[in-house]
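Notes for the structure review
For reference, the chains in residue letters:
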Amino acid sequence: MLHCQRTFSAVSMKAPTVSSFDLDAYLGKQSRLIDEALKSHLGQFPAGSQTLFAALHYGVFPGGKRIRPILTLAAGELFGGEPKILLPFACAVEMIHAYSLIHDDLPALDNDDLRRGQPTAHRVFGEGMALLAGDGLLTEAFRIISAPELLEQLSAAKLLNALHQLSYAAGVCGLVGGQAFDLEAENRTVDIAAVELIHARKTGALMHAAVRLGAEIAGAGGEELESVCRYGENFGSAFQIADDILDAQGGTGVGKGAESGRNEKRKATYPAVAGMGESRARLRELLNRCDEALAPFGARAAGLKAIAAHVAGRTVYT
Ligand code: IPE
Ligand code: IPE
Ligand code: MG
Ligand code: MG
């Protein structure tokens with residue numbers, strides 16, 4: 001798994017308190033900030049293929065819930081980070097997520113026709129262009145967070161660390177590796193340990209990195225960084241189980257139901273391997289762990305706590 005470094009950090013009191021916390025307003029405000037920043041990064045490419053540009057845009061706008069970049073902002077704000085400094089990292093995380101979905105939907109992987117209620121990118125632009133749009137988003141994500149002007153606000157060491165963390169999460173030990181395990185597990189009998197490993201890599205690694213990047217850019221270290229990273233890891237696993245429960249239930253909330261793979265491959269999901277009751281129990285356990293990880297921060301972690309409860313609310317309480 002991913003490990004947190006131990007360094008000292010100071011803490012500010014900028015995060016919201018539980019009693020005053022309005023999750024809908026918070027998610028709306030953060031999504032707007034993220035959308036504006038994404039537009040400024042991906043708004044126009046004067047040279048190059050306009051079809052590629054359109055395909056790449058299609059994967060990002062209007063987009064989905066923006067959970068990962070919201071986690072980056074929320075984790076950063078917990079340690080006093082300013083949105084302006086955090087946003088390039090939040091955008092990079094979302095662009096990697098968007099690329100991963102475009103590729104995930106391709107016939108060679110999940111072979112899906114619909115994403116967020118719309119035809120998948122390869123159905124609109126063709127497989128070749130969808131493949132390239134994904135490649136483009138992945139690469140642009142790293143361009144954005146390696147821009148020389150970021151050195152005016154952040155140290156080279158912090159930027160290098162962010163590049164390393166994000167590439168680790170996106171790469172062979174993270175998302176790509178998890179997708180490979182997911183592919184290999186298709187139509188096979190796998191145990192729950194294998195499902196947990198697939199989740200930790202294909203979904204958890206980027207969720208964890210989203211949290212970690214925000215926290216570290218804002219100066220978190222030591223036990224506080226470890227705690228918030230523990231939240232990120234548990235949140236990632238909880239998120240994938242919630243998503244799979246929703247898919248198995250046939251598409252309430254943000255689950256995709258009818259959008260699930262049309263070629264009816266048997267996927268290694270928690271409900272498929274352990275059943276619905278055990279999936280809900282595991283989801284509860286993971287969400288409790290999220291709360292425990294945030295306990296040292298008290299009311300300052302209200303945003304992160306509410307985001308995790310929101311994930312649970314999609315399944316555990318419905
Ligand atoms: C979908 O993630 C893929 C999973 C890891 C389950 P999201 O549910 O965050 O996707 P969007 O961006 O909100 O559509
Ligand atoms: C998507 O997982 C995870 C990544 C793209 C890395 P799934 O295949 O389970 O998610 P959906 O159901 O297509 O959104
Ligand atoms: Mg998949
Ligand atoms: Mg899929």
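Model, not experiment: these values are computed from the prediction.

Helix and strand counts for the protein chain come out as 13 helices and two strands. In the protein chain, which comprises 318 residues, the proportion classed as buried is 52%. In the protein chain, of all internal contacts separated by at least 6 residues, the share reaching a separation of at least 24 is 79%. As displayed, the protein chain has an accessible area near 13700 Å², and 56% of this comes from carbon and sulfur atoms.

Attention now goes to the site of ligand 1. Taken together, Gly64, Lys65, Arg68, His97, Leu101, Arg116, Thr203, Phe239, Gln240 and Asp243 make up all the residues around ligand 1. A distance of 2.5 Å separates an oxygen atom of ligand 1 from a polar side-chain atom of Lys65. Contacts to ligand 1 include His97, whose side-chain N or O atom sits 2.7 Å from an oxygen atom. In the complex, 90% of the free accessible area of ligand 1, which totals 390 Å², lies under the protein chains. Elements with a minimum of two residues in the shell around ligand 1: helix H4 (83-105) and helix H10 (222-249). Per-element accounting of the shell around ligand 1 gives the leading share, three residues, to H10. A breakdown of the residues in the shell around ligand 1 according to their chemical character gives two nonpolar, four polar and four charged.

Only Asp104 (OD) and Asp110 (OD) from the protein coordinate the magnesium ion (ligand 3), and they sit 2.2 Å from it. Between the two metal centres, the magnesium ion (ligand 3) and the magnesium ion (ligand 4), the spacing is 3.1 Å, with Asp104 acting as a shared donor. Assigned by exposure class, Asp104 and Asp110 land together as buried.

A word on the nonpolar core. The biggest cluster of nonpolar side chains holds 90 residues, and the ones touching the most others in it are Leu71, Tyr231, Phe235 and Ile307. Per-element tally for this core: the top contributor is H4, with twelve residues. If we ignore the near neighbours within four places in the chain, the residues touching Tyr231 are Leu71, Val211, Cys290, Ala293, Leu294, Leu304, Ile307 and Ala308.

Right, let's get into the pattern of salt bridges. As enumerated under the stated definition, the model contains 14 salt bridges in all. We note a salt bridge from Asp104 to Arg115, for which the minimum N-O separation is 3.5 Å. You can see Asp104 sitting in helix H4 and its partner Arg115 sitting in strand S1 (residues 114-115), a full eleven residues away along the chain. For the residue pair Asp104 and Arg115, the accessibility class agrees, reading buried in each case. Here Arg289 and Glu285 are joined by a salt bridge, their closest N and O atoms 2.8 Å apart. Of this pair, Arg289 and Glu285 both sit in helix H12 (residues 276-294), four residues apart, which is roughly one turn of that helix.

Here the focus is the packing of H4 against helix H7 (residues 156-170). Helix packing for two helices is described by the angle between their axes and how far apart those axes are. The contact between H4 and H7 brings their axes to 11 Å, and the two run at 15°. Taken together, the axes of H4 and H7 lie roughly parallel to each other. Relative to H7, the crossing made by H4 is right-handed. For the pair H4 and H7, contact is made by Phe89, Ala92, Val93 and Ile96 and by Leu159, Ala162, Leu166 and Ala170, respectively.

Right, let's get into the environment of Leu225. Turning to its location among the elements, Leu225 is positioned in helix H10. Exposure remark for Leu225: the relative accessible area of 0% places this residue in the buried category. C-alpha separation for the pair Leu225 and Val211, spaced 14 residues apart in sequence, amounts to 9.5 Å.

Further remarks concern unusual backbone geometry. At the junction of Phe61 and Pro62, the peptide bond is cis and its omega measures out at 5° in the coordinates. Locating Pro62 in the fold gives a position in the loop between helix H2 (50-60) and helix H3 (67-78). In this model, Asn111 sits at a positive phi of 55°, which is unusual for a non-glycine residue. Topologically, Asn111 is positioned in the loop between H4 and S1.

Okay, the environment of Ile70 next. Along the polypeptide, Ile70 turns up in helix H3. Here Ile70 falls in the buried class, since its relative accessible area comes to 1%. It is 9.9 Å that separates the C-alpha atoms of Ile70 and Gly28, two residues lying 42 residues apart in sequence. Beyond its immediate stretch of four places on either side in the chain, Ile70 contacts Tyr26, Leu27, Gln30, Ser31, Ile34, Lys65 and Ile307.

Thresholds applied
- Residues numbered from 1 in each chain as written.
- Chains lettered and ligands numbered in written order.
- Predicted model: local features only at pLDDT ≥ 70, side-chain atom pairs only at ≥ 80, totals over all residues.
- Heavy atoms only, no water.
- Helix = DSSP H or I, 4+ residues; strand = E, 2+ residues; numbered from the N terminus.
- Buried < 20%, exposed > 50% of the residue type's maximum accessible area, 1.4 Å probe, protein only.
- Contact = heavy atoms within 4.5 Å.
- Areas by Shrake-Rupley, 256 points an atom, 1.4 Å probe, with all protein chains shown as cover.
- Near = heavy atom within 4 Å.
- Polar contact = N/O pair within 3.5 Å; in protein donor to acceptor, adjacent residues only side chain to side chain.
- Nonpolar A, V, L, I, M, F, W, Y, C, P; charged D, E, K, R; others polar.
- Donors = N, O, S within 2.8 Å, 3.2 Å for Na, K, Ca; no water.
- Core = buried A, V, L, I, M, F, W, Y, C linked by side-chain atoms within 4.5 Å.
- Salt bridge = Lys/Arg side-chain N within 4 Å of Asp/Glu carboxyl O.
- Axes fitted to C-alpha atoms, helices over the stretch in contact; angles between N-to-C directions.
- Parallel < 35°, antiparallel > 145°, perpendicular 65-115°, else oblique.
- Left-handed = near helix turned anticlockwise from the far one by under 90°.

Just geometry here; none of it tells us what the structure is for.
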